[in-house]
Amino acid sequence: MERTLVLLKPDAVQRGLIGKILGRFEDKGLKIVGLKLRKFPAALLEQHYAAHKERPFFKNLVKFMGSGPVVALALEGKDAIEVTRKLMGKTNARQAEPGTIRGDLGMSFSNNLVHGSDSAEAAKTELALFFPGAEETVAWEPANLGWIYSVEEELR
Ligand code: IDP
Ligand code: MG
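Peer 1: How would you sum up helix H7 (residues 120–130)? Please name residues and give values.
Peer 2: Along an α-helix, residues three or four positions apart point the same way, because every turn accommodates 3.6 residues. Buried residues of H7: Ala122, Ala123, Glu126, Leu127, Leu129 and Phe130, and no others. In a view along the axis of H7, the buried residues occupy a sector of 155°, so they form one face of it. Opposite the buried face of H7, by more than 90 degrees, sit the exposed residues Ala120, Glu121, Lys124 and Thr125.

Peer 1: Explain the nonpolar core to me, and be specific about the residues and the numbers.
Peer 2: Leu8, Ile21, Phe25, Leu73, Leu75 and Ile101 are the most contacted members of the largest nonpolar core, which totals 20 residues. Those elements that place two or more of their residues in this core are strand S1 (2–8), helix H1 (10–14), helix H2 (18–28), strand S3 (70–77), helix H5 (80–88) and helix H6 (101–105). Once residues within four sequence positions are removed from consideration, leucine 73 is found in contact with Thr4, Leu5, Val6, Leu8, Leu22, Phe25, Gly34, Leu35 and Phe131. Of all hydrophobic cores here, the second largest spans 19 residues; its members include Leu7, Val33, Phe40 and Phe58.

Peer 1: Any chance you could break down unusual backbone geometry for me, citing the residues and the numbers?
Peer 2: Phi angles above zero are rare outside glycine, and aspartate 79 is one such case at about 50°. Of note, aspartate 79 is situated in the loop between S3 and H5. We classify aspartate 79 as partly exposed; its relative accessible area is 49%. Positive phi values are uncommon outside glycine, yet leucine 113 reaches one of about 75°. With respect to the element layout, leucine 113 can be found in the loop between H6 and strand S4 (114–116). Classification of leucine 113 as buried rests on a relative accessible area of 0%.

Peer 1: Give me the lowdown on the packing of aromatic side chains, citing residues and values where you can.
Peer 2: Applying the stated criterion across every chain yields a total of one aromatic pair. With a centroid separation of 4.9 Å and 85° between ring planes, the pair formed by phenylalanine 40 and phenylalanine 130 is classed as edge-to-face. Of this pair, phenylalanine 40 sits in the loop between strand S2 (31–38) and helix H3 (42–48) while phenylalanine 130 sits in helix H7, and the two are 90 residues apart along the sequence. If you follow lysine 31 out to its NZ or CZ, it ends over the ring of tryptophan 140, 6.0 Å from the centre. A cation over a ring is seen here: lysine 36 above phenylalanine 131, with NZ or CZ 4.9 Å from the ring centre.

Peer 1: How would you explain the site of ligand 1 if you had to name every residue and give the values?
Peer 2: Within the structure, ligand 1 sits among Lys9, Tyr49, His52, Phe57, Leu61, Arg85, Thr91, Arg102, Phe109, Ser110 and Asn112. Taking lysine 9, its side chain carries an N or O atom lying 2.8 Å from an oxygen atom of ligand 1. At a separation of 2.9 Å, an oxygen atom of ligand 1 approaches a polar side-chain atom of histidine 52. When ligand 1 sits alone it has 530 Å² of accessible area, and the protein chains cover 81% of it. Its residues placed into classes, the shell around ligand 1 shows four nonpolar, four polar and three charged.

Peer 1: Talk me through the sheet that holds S2; I want residue IDs and the actual numbers.
Peer 2: A sheet is described by the order of its strands in space; here four strands give the open sequence S2-S3-S1-S4, paired in antiparallel fashion. In this open sheet, the two edge strands, each paired with only one partner strand, are S2 and S4. Taking the axes of each pair of neighbouring strands and ignoring which way they run, one obtains an average angle of 20° across the sheet. Bridge count for S2 against S3 is seven bridges, and the pairing is antiparallel. Bridging across to S3, leucine 37 finds its partner in valine 71. Seen against the sheet, H5 touches S1, S3 and S4 and runs at an angle of roughly 30° to S1.

Calculation criteria
- Residues numbered from 1 in each chain as written.
- Chains lettered and ligands numbered in written order.
- Predicted model: local features only at pLDDT ≥ 70, side-chain atom pairs only at ≥ 80, totals over all residues.
- Heavy atoms only, no water.
- Buried < 20%, exposed > 50% of the residue type's maximum accessible area, 1.4 Å probe, protein only.
- Helix = DSSP H or I, 4+ residues; strand = E, 2+ residues; numbered from the N terminus.
- Arc of directions from axis to C-beta.
- Core = buried A, V, L, I, M, F, W, Y, C linked by side-chain atoms within 4.5 Å.
- Contact = heavy atoms within 4.5 Å.
- Phe/Tyr/Trp six-rings, centres within 6.5 Å; stacked < 30°, edge-to-face > 60°.
- Lys NZ or Arg CZ within 6 Å of the ring centre and 35° of its normal.
- Near = heavy atom within 4 Å.
- Polar contact = N/O pair within 3.5 Å; in protein donor to acceptor, adjacent residues only side chain to side chain.
- Areas by Shrake-Rupley, 256 points an atom, 1.4 Å probe, with all protein chains shown as cover.
- Nonpolar A, V, L, I, M, F, W, Y, C, P; charged D, E, K, R; others polar.
- Pairing = 2+ DSSP bridges.
- Axes fitted to C-alpha atoms, helices over the stretch in contact; angles between N-to-C directions.

Structural data, given as C-alpha coordinates:
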(Lines give C-alpha, C1' and ligand atoms only; values in the text may rest on other atoms or scores of the structure.)
(Ligands and ions follow the chains in the order given, each with its own letter.)
Protein backbone atom coordinates (compact mmCIF):
# COMPACT_ATOMS: atom_id res chain seq x y z
CA MET A 1 0.00 0.00 0.00
CA GLU A 2 1.12 3.51 -0.85
CA ARG A 3 0.17 6.91 0.56
CA THR A 4 -0.19 10.22 -1.24
CA LEU A 5 -1.06 13.83 -0.41
CA VAL A 6 -4.09 15.44 -2.04
CA LEU A 7 -5.16 19.06 -1.58
CA LEU A 8 -8.61 20.37 -2.45
CA LYS A 9 -7.60 23.88 -3.47
CA PRO A 10 -9.40 27.11 -2.42
CA ASP A 11 -11.45 27.12 -5.66
CA ALA A 12 -12.83 23.66 -4.85
CA VAL A 13 -13.80 24.79 -1.34
CA GLN A 14 -15.28 28.14 -2.48
CA ARG A 15 -17.30 26.42 -5.22
CA GLY A 16 -18.81 23.94 -2.77
CA LEU A 17 -17.14 20.95 -4.40
CA ILE A 18 -15.50 19.36 -1.33
CA GLY A 19 -18.08 16.59 -1.09
CA LYS A 20 -18.14 15.86 -4.79
CA ILE A 21 -14.34 15.67 -5.14
CA LEU A 22 -13.86 13.75 -1.90
CA GLY A 23 -16.49 11.33 -3.20
CA ARG A 24 -14.48 10.68 -6.36
CA PHE A 25 -11.54 9.43 -4.31
CA GLU A 26 -13.77 7.43 -1.97
CA ASP A 27 -15.75 5.93 -4.84
CA LYS A 28 -12.52 4.83 -6.50
CA GLY A 29 -11.61 2.82 -3.44
CA LEU A 30 -8.84 5.00 -2.04
CA LYS A 31 -8.81 5.01 1.74
CA ILE A 32 -8.82 8.33 3.59
CA VAL A 33 -6.19 8.13 6.33
CA GLY A 34 -5.87 11.88 7.02
CA LEU A 35 -8.27 14.80 6.59
CA LYS A 36 -8.08 18.46 7.65
CA LEU A 37 -9.38 21.88 6.60
CA ARG A 38 -7.02 24.79 7.16
CA LYS A 39 -5.97 28.15 5.82
CA PHE A 40 -2.33 27.21 5.36
CA PRO A 41 0.41 29.82 5.96
CA ALA A 42 2.39 31.17 2.99
CA ALA A 43 5.66 29.73 4.33
CA LEU A 44 4.27 26.19 4.23
CA LEU A 45 2.80 26.69 0.77
CA GLU A 46 6.10 28.09 -0.53
CA GLN A 47 7.85 25.01 0.80
CA HIS A 48 5.23 22.75 -0.76
CA TYR A 49 5.68 24.34 -4.19
CA ALA A 50 9.46 24.92 -3.82
CA ALA A 51 10.10 23.00 -7.08
CA HIS A 52 8.25 25.78 -8.94
CA LYS A 53 10.07 28.67 -7.24
CA GLU A 54 11.58 29.99 -10.47
CA ARG A 55 8.40 29.67 -12.52
CA PRO A 56 6.51 32.87 -13.49
CA PHE A 57 3.29 31.63 -11.87
CA PHE A 58 4.89 30.83 -8.48
CA LYS A 59 3.86 34.02 -6.65
CA ASN A 60 0.27 33.84 -7.86
CA LEU A 61 0.11 30.14 -7.04
CA VAL A 62 1.17 30.67 -3.42
CA LYS A 63 -1.23 33.64 -3.12
CA PHE A 64 -4.10 31.57 -4.57
CA MET A 65 -3.39 28.58 -2.32
CA GLY A 66 -3.35 30.84 0.73
CA SER A 67 -6.45 32.82 -0.26
CA GLY A 68 -8.89 30.57 1.56
CA PRO A 69 -9.39 27.24 3.23
CA VAL A 70 -7.84 24.13 1.70
CA VAL A 71 -8.71 20.52 2.48
CA ALA A 72 -5.66 18.30 2.92
CA LEU A 73 -6.10 14.57 2.48
CA ALA A 74 -3.80 11.65 3.03
CA LEU A 75 -4.98 8.81 0.79
CA GLU A 76 -3.87 5.19 0.82
CA GLY A 77 -4.15 2.43 -1.72
CA LYS A 78 -2.25 0.25 -4.18
CA ASP A 79 -0.37 2.61 -6.53
CA ALA A 80 -2.20 5.50 -4.82
CA ILE A 81 0.08 8.17 -6.35
CA GLU A 82 -0.50 7.16 -9.97
CA VAL A 83 -4.19 6.38 -9.44
CA THR A 84 -4.76 9.80 -7.86
CA ARG A 85 -2.91 11.66 -10.65
CA LYS A 86 -5.00 9.84 -13.26
CA LEU A 87 -8.24 10.69 -11.44
CA MET A 88 -7.21 14.38 -11.33
CA GLY A 89 -6.49 14.75 -15.05
CA LYS A 90 -4.14 17.16 -16.84
CA THR A 91 -2.95 20.31 -15.07
CA ASN A 92 -4.79 22.66 -17.43
CA ALA A 93 -8.39 21.80 -16.62
CA ARG A 94 -9.49 22.87 -20.10
CA GLN A 95 -7.33 20.10 -21.54
CA ALA A 96 -8.15 17.49 -18.90
CA GLU A 97 -10.11 14.49 -20.17
CA PRO A 98 -13.81 14.20 -19.36
CA GLY A 99 -14.20 11.69 -16.56
CA THR A 100 -11.34 13.22 -14.59
CA ILE A 101 -11.94 15.61 -11.69
CA ARG A 102 -10.37 18.57 -13.51
CA GLY A 103 -11.93 17.55 -16.83
CA ASP A 104 -15.42 17.37 -15.37
CA LEU A 105 -15.33 20.27 -12.92
CA GLY A 106 -12.83 22.91 -14.03
CA MET A 107 -12.00 25.46 -16.74
CA SER A 108 -8.73 26.95 -15.46
CA PHE A 109 -4.99 26.25 -15.65
CA SER A 110 -4.31 27.78 -12.24
CA ASN A 111 -7.59 27.19 -10.40
CA ASN A 112 -7.60 23.50 -11.17
CA LEU A 113 -9.26 22.23 -7.99
CA VAL A 114 -6.82 19.60 -6.79
CA HIS A 115 -3.21 18.83 -6.03
CA GLY A 116 -1.77 15.32 -5.92
CA SER A 117 1.81 14.24 -5.21
CA ASP A 118 3.60 13.26 -8.42
CA SER A 119 6.18 10.76 -7.11
CA ALA A 120 6.95 8.60 -4.09
CA GLU A 121 9.58 11.12 -3.00
CA ALA A 122 7.17 14.05 -3.31
CA ALA A 123 4.45 12.14 -1.45
CA LYS A 124 6.78 11.49 1.46
CA THR A 125 7.88 15.14 1.72
CA GLU A 126 4.39 16.55 1.22
CA LEU A 127 2.72 14.18 3.72
CA ALA A 128 5.33 15.18 6.30
CA LEU A 129 4.60 18.84 5.56
CA PHE A 130 0.80 18.69 5.81
CA PHE A 131 0.44 15.86 8.36
CA PRO A 132 3.53 16.24 10.56
CA GLY A 133 2.12 14.58 13.68
CA ALA A 134 1.90 10.79 14.01
CA GLU A 135 -1.62 11.17 15.45
CA GLU A 136 -2.80 13.20 12.42
CA THR A 137 -3.14 10.13 10.22
CA VAL A 138 -4.99 6.97 11.11
CA ALA A 139 -4.13 3.42 10.07
CA TRP A 140 -7.40 1.52 9.76
CA GLU A 141 -8.88 -1.33 7.79
CA PRO A 142 -12.05 -0.64 5.78
CA ALA A 143 -14.64 -3.38 6.22
CA ASN A 144 -14.88 -3.77 2.43
CA LEU A 145 -11.14 -3.95 1.70
CA GLY A 146 -11.42 -7.56 0.55
CA TRP A 147 -14.00 -6.48 -2.05
CA ILE A 148 -12.10 -3.44 -3.31
CA TYR A 149 -9.05 -5.62 -3.98
CA SER A 150 -8.80 -9.29 -4.87
CA VAL A 151 -7.84 -11.06 -1.67
CA GLU A 152 -6.20 -13.79 -3.76
CA GLU A 153 -4.13 -11.58 -6.05
CA GLU A 154 -3.54 -8.30 -4.24
CA LEU A 155 -3.96 -8.64 -0.51
CA ARG A 156 -1.78 -11.64 0.18
P1 IDP B 1 0.09 19.60 -11.17
O2 IDP B 1 -0.73 20.30 -10.11
O3 IDP B 1 -0.78 18.98 -12.22
O4 IDP B 1 1.10 18.65 -10.60
P5 IDP B 1 2.33 21.42 -11.64
O6 IDP B 1 3.05 21.54 -12.95
O7 IDP B 1 3.03 20.72 -10.53
O8 IDP B 1 0.90 20.75 -11.94
O9 IDP B 1 1.95 22.90 -11.19
C10 IDP B 1 1.51 23.17 -9.89
C11 IDP B 1 0.32 24.08 -9.95
O12 IDP B 1 0.72 25.35 -10.44
C13 IDP B 1 -0.80 23.64 -10.92
O14 IDP B 1 -1.69 22.70 -10.36
C15 IDP B 1 -1.48 24.95 -11.22
O16 IDP B 1 -2.37 25.33 -10.19
C17 IDP B 1 -0.30 25.91 -11.26
N18 IDP B 1 0.25 26.07 -12.62
C19 IDP B 1 1.12 25.24 -13.23
N20 IDP B 1 1.45 25.69 -14.45
C21 IDP B 1 0.77 26.84 -14.60
C22 IDP B 1 0.71 27.81 -15.67
O23 IDP B 1 1.35 27.68 -16.71
N24 IDP B 1 -0.11 28.87 -15.44
C25 IDP B 1 -0.82 29.02 -14.30
N26 IDP B 1 -0.79 28.16 -13.29
C27 IDP B 1 0.01 27.08 -13.44
MG1 MG C 1 2.77 19.03 -9.34
